[in-house]
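Structural description and commentary
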Amino acid sequence: MSQVTQNKQAGPVPMLDVNRGNQELREEILSALEAVVDSGRFLHGPEVAQLESQVSQVCSVRHSIGCASGSDALLLALMALDLGPGDEVIVPSFTFFATASCAWRLGCKIVFADILPQTFNVDPRSVEASITPRTRAIIPVHLFGQCARIEEICKIAQRREIPVIEDVAQAIGAAYHGRPAGTWGQMGCLSFYPTKNLGGFGDGGMLTTNIDTMADRLRLLASHGMRPRYYHQVVGINSRLDTLQAAVLSVKIRRLDDYTRARQQNAQRYYELFEQAHVQDSIALPICEPHARHVWNQYGIRVRDGRRDALKKYLQDEGIGCEVYYPVPLHQQQCFQSCGFPTGSLPQTELAAQEILNLPIYPELTEFEQERVVERIARFYRESYSRAAA
Ligand SMILES: *Cc1c(COP(=O)(O)O)cnc(C)c1O
């Protein structure tokens, strides 16, 4: 074996390495941080307004409102709709916890919807079937970077005048029929958690909306309902995007298109590599919907032969990063047992939780690393077949 081939075969592949992207921008980010340190404006600095206008441009939306996290963005969106006890909120069960916990925190009833097996995104028919006279909001999630069938969901919601809040935490820059995620519903919720496509140096979030009065209300609610200073119109929360985070994100957002393109190229390469690996009997590759611009926050394969956990362990032992998003659907979480969705009630969600395996897809992942990921998966099956034959 030649030296080059040996190097290709060796070494771990991390699931995510945020340093690769950030190190390239080290000087630029440090000088942006330095400017904030020197200004002393750690809250409400000009960098926050700058990032808000950059996000408005990227998402083609009228208003962007910074807040402390994606979780807070979701909570603020429901608060802006004045939701509380007696109100029902429809959310997918196959998502991150924060999509549902915002409704719980306001005393709303959570109604879990099932997903489409092809994309892991919420099934519009399941959403429609979950609507009751008390439904006050629907929160579709653009999971893994691909838009849910948002046009259909918005049509269903519009007929009954139910507001739609898009969870865009994993999908900044995604679009459906060319229209950006976060502009279909009344509000969109973004996250800058470090693993997201636009990741900061800690927590951060943003809301997007085209409705002027909603933008105003969100700003009021995110600052303790205070206007003017020390006069509180309503009870809000304290949720701000730090100027330091905004300064970092303002540098990184200029590269968002490049990051997205790199993620798309990596996805394309996985398709090509898997095609040559002859594992299609066991592995189903992620499916792109024809109208969706996928920004690939995650590359989620399905292990259809019941051996997902064995494959995951094998890969991790080999130093190949992989993760299960999400191992326990929300309707099966201990804290949501009282919501009334027993095991078996959302079959596609429960099957996805057993089969999904997420592979590294971040922009700086190299071709050799991707080859190694796919080669190890192929080897897992070769070895198990030869064991079976022996
Ligand atoms: C990350 C994430 C959130 C929460 O964002 P934070 O900034 O971590 O609070 C909400 N929904 C989804 C789908 C997410 O992936």
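Within each chain, residue numbers correspond to sequence positions counted from 1 in written order. Thresholds applied to this predicted model are a pLDDT of at least 70 for local features of residues and 80 or more for the giving and counting of side-chain atom pairs; totals over whole chains, interfaces and linings are not thresholded and use all residues. Side-chain numbers come from the whole structure's heavy atoms, not from hydrogens or water.

1. Focus on the domain arrangement of the chain
For each domain, the first and last residues come from an automatic or database assignment. Per the domain assignment, the segments of the chain are domain 1 (23-255) and domain 2 (256-389). Computed from C-alpha coordinates alone, the two centres of domain 1 and domain 2 are separated by 26 Å. Throughout, a residue-residue contact means that at least one pair of heavy atoms, one from each residue, lies within 4.5 Å. Facing 44 residues of domain 1, the contacting portion of domain 2 comprises 37 residues. The junction of domain 1 with domain 2 conceals about 3700 Å² of combined surface from both sides, 61% of it contributed by carbon and sulfur atoms. Put simply, buried area is the surface a 1.4 Å probe can reach on two separate parts but cannot reach once they are joined, added for both. Counting the surface domain 1 buries against domain 2, the share from its top three residues, Phe 112, Phe 144 and Asn 197, is 19%. What counts as a salt bridge is simple: a side-chain nitrogen of Lys or Arg found within 4 Å of a carboxyl oxygen of Asp or Glu. Our count for the contact surface shared by domain 1 and domain 2 stands at 1 salt bridge. Between Arg 149 and Glu 289 there is a salt bridge, with the nearest N and O atoms lying 2.9 Å from each other.

2. Quick look at the pairing of strand E9 (residues 205-209)
Remark: a regular strand shows side chains that alternate across the two faces of the sheet. Within E9, 5 of the 5 residues are buried, leaving the element largely enclosed by the surrounding structure. Alternating positions in E9 separate into two faces, Gly 205, Leu 207 and Thr 209 on one and Met 206 and Thr 208 on the other, with burial throughout. Where strand E1 (residues 63-67) and E9 come together, 5 bridges link them in antiparallel fashion. Bridge assignment links Ser 64 to a residue of E9, and that residue is Thr 208. Pairing between two strands requires that DSSP report at least two bridges joining them. The helix count covers DSSP runs of H or I at least four residues long, the strand count covers runs of E at least two residues long, and both are numbered beginning at the N terminus. Taken together, the 4 bridges between strand E8 (residues 187-191) and E9 define a ladder with antiparallel strand orientation. Within E9, the position partnered with Cys 189 by the bridge is Leu 207. Relative accessibility decides the category of a residue: with a 1.4 Å probe and only protein chains considered, values under 20% of the type maximum give buried, values over 50% give exposed, and everything between is partly exposed.

3. Comments concerning the packing of helix H5 (residues 70-80) against helix H6 (residues 98-105)
The relative placement of two packed helices is expressed as an angle between their axes plus a distance between the axes. Packing of H5 against H6 leaves a shortest axis separation of 9 Å and a crossing angle of 40°. As the angle between them shows, H5 and H6 are arranged oblique. Crossing geometry of H5 relative to H6 is assigned as right-handed. In this structure, H5 uses Ser 71, Leu 74, Leu 75 and Leu 78 to contact H6, whose residues at the interface are Ala 98, Thr 99, Cys 102, Ala 103 and Arg 105. Only C-alpha atoms enter the line fits that serve as axes; for helices the fit covers just the stretch in contact. Angles between N-to-C directions range over 0 to 180 degrees. Note on terminology: angles under 35 degrees are roughly parallel, angles over 145 are roughly antiparallel, angles of 65 to 115 are roughly perpendicular, and the others are oblique. Two helices that cross are described as forming a left-handed crossing if the nearer one is turned anticlockwise from the farther one by less than a right angle, and a right-handed crossing if clockwise.

4. Focus on unusual backbone geometry
Residues apart from glycine generally show negative phi values, whereas peptide bonds are mostly found in trans. Cis rather than trans, the peptide bond between Arg 227 and Pro 228 has omega equal to -5°. Mapped onto the fold, Pro 228 is located in the loop between helix H9 (212-222) and helix H10 (243-252). Put simply, Tyr 325 and Tyr 326 share a cis peptide bond, and its omega is 10°. At His 224, a residue that is not glycine, the phi angle is positive and equals roughly 60°. Tracing the backbone shows His 224 in the loop between H9 and H10. With phi around 70°, Tyr 230 is a residue other than glycine that occupies positive phi space. By relative accessible area, Tyr 230 is classed as exposed at 59%.

5. Observations regarding the sheet that holds strand E3 (residues 109-113)
What holds strands together in a sheet is hydrogen bonding between their backbones, with the strands either parallel or antiparallel. Strand order in this open sheet of 3 strands is E3-E2-E4, and the pairing throughout is parallel. With partners counted over all chains shown, the strands left at the sheet margins are E3 and strand E4 (135-138), one partner each. Across the sheet, the axes of successive neighbouring strands diverge by a mean angle of 30°, strand direction being ignored. Across 5 bridges, the pairing between strand E2 (residues 88-92) and E3 is parallel. The residue bridging Val 89 from the neighbouring strand is Ile 110, located in E3.

6. So, the site of the ligand
A molecule or strand has a residue near it when one of that residue's heavy atoms lies within 4 Å. The full set close to the ligand counts 16 residues, and Gly 70, Ser 71, Asp 167, Ser 191 and Lys 196 are the nearest of them. Polar contacts, as used here, are pairs of N or O atoms within 3.5 Å; protein pairs need one atom able to donate a hydrogen and one able to accept it. Residues neighboring in sequence count only if both atoms are side-chain atoms. Gln 170 places a polar side-chain atom, nitrogen or oxygen, 2.8 Å from an oxygen atom of the ligand. Within the side chain of Ser 191, a nitrogen or oxygen atom sits 2.6 Å from an oxygen atom of the ligand. Accessible areas in this description were obtained via Shrake-Rupley with a 1.4 Å probe; residue shielding takes into account the shown protein chains only. Surface burial for the ligand is 93%, taken as the share of its 380 Å² of free accessible area covered by protein chains. Those elements giving two or more residues to the shell around the ligand turn out to be H5 and H6. Residue contributions to the shell around the ligand peak at 3 residues, all from H5. For the shell around the ligand, the class distribution of residues is 6 nonpolar, 8 polar and 2 charged. Note on residue categories: nonpolar means Ala, Val, Leu, Ile, Met, Phe, Trp, Tyr, Cys or Pro, charged means Asp, Glu, Lys or Arg, and polar means any other residue, Gly included.

7. Here's the deal with the packing of aromatic side chains
Two aromatic rings from Phe, Tyr or Trp, using only the six-membered ring of Trp, form a pair when their centres are within 6.5 Å; if the ring planes differ by under 30 degrees the pair is stacked, by over 60 it is edge-to-face, and anything between is tilted. Enumeration according to the criterion identifies 16 aromatic pairs in this entry. Look at NZ for Lys and CZ for Arg. If either is within 6 Å of the ring centre and within 35 degrees of the ring normal, a charge sits over the ring. In this structure, Arg 179 packs its charged tip against the face of Trp 184, placed 4.3 Å from the ring centre.

8. So, the sheet that holds strand E13 (residues 356-359)
Read across the sheet, 3 strands follow the order E10-E12-E13 without closing on themselves; strand pairing throughout is antiparallel. Looking at strand neighbours, the two that pair on one side only are strand E10 (283-284) and E13, the edges of this open sheet. Here 4 bridges tie strand E12 (residues 299-303) to E13, and the two strands are oriented antiparallel to one another. Looking at E13, one finds that Arg 302 is bridged to Ile 356. Contacts between helix H11 (residues 256-277) and the sheet are confined to E12 and E13, with E12 contributing the most and set at about 30° to the helix.

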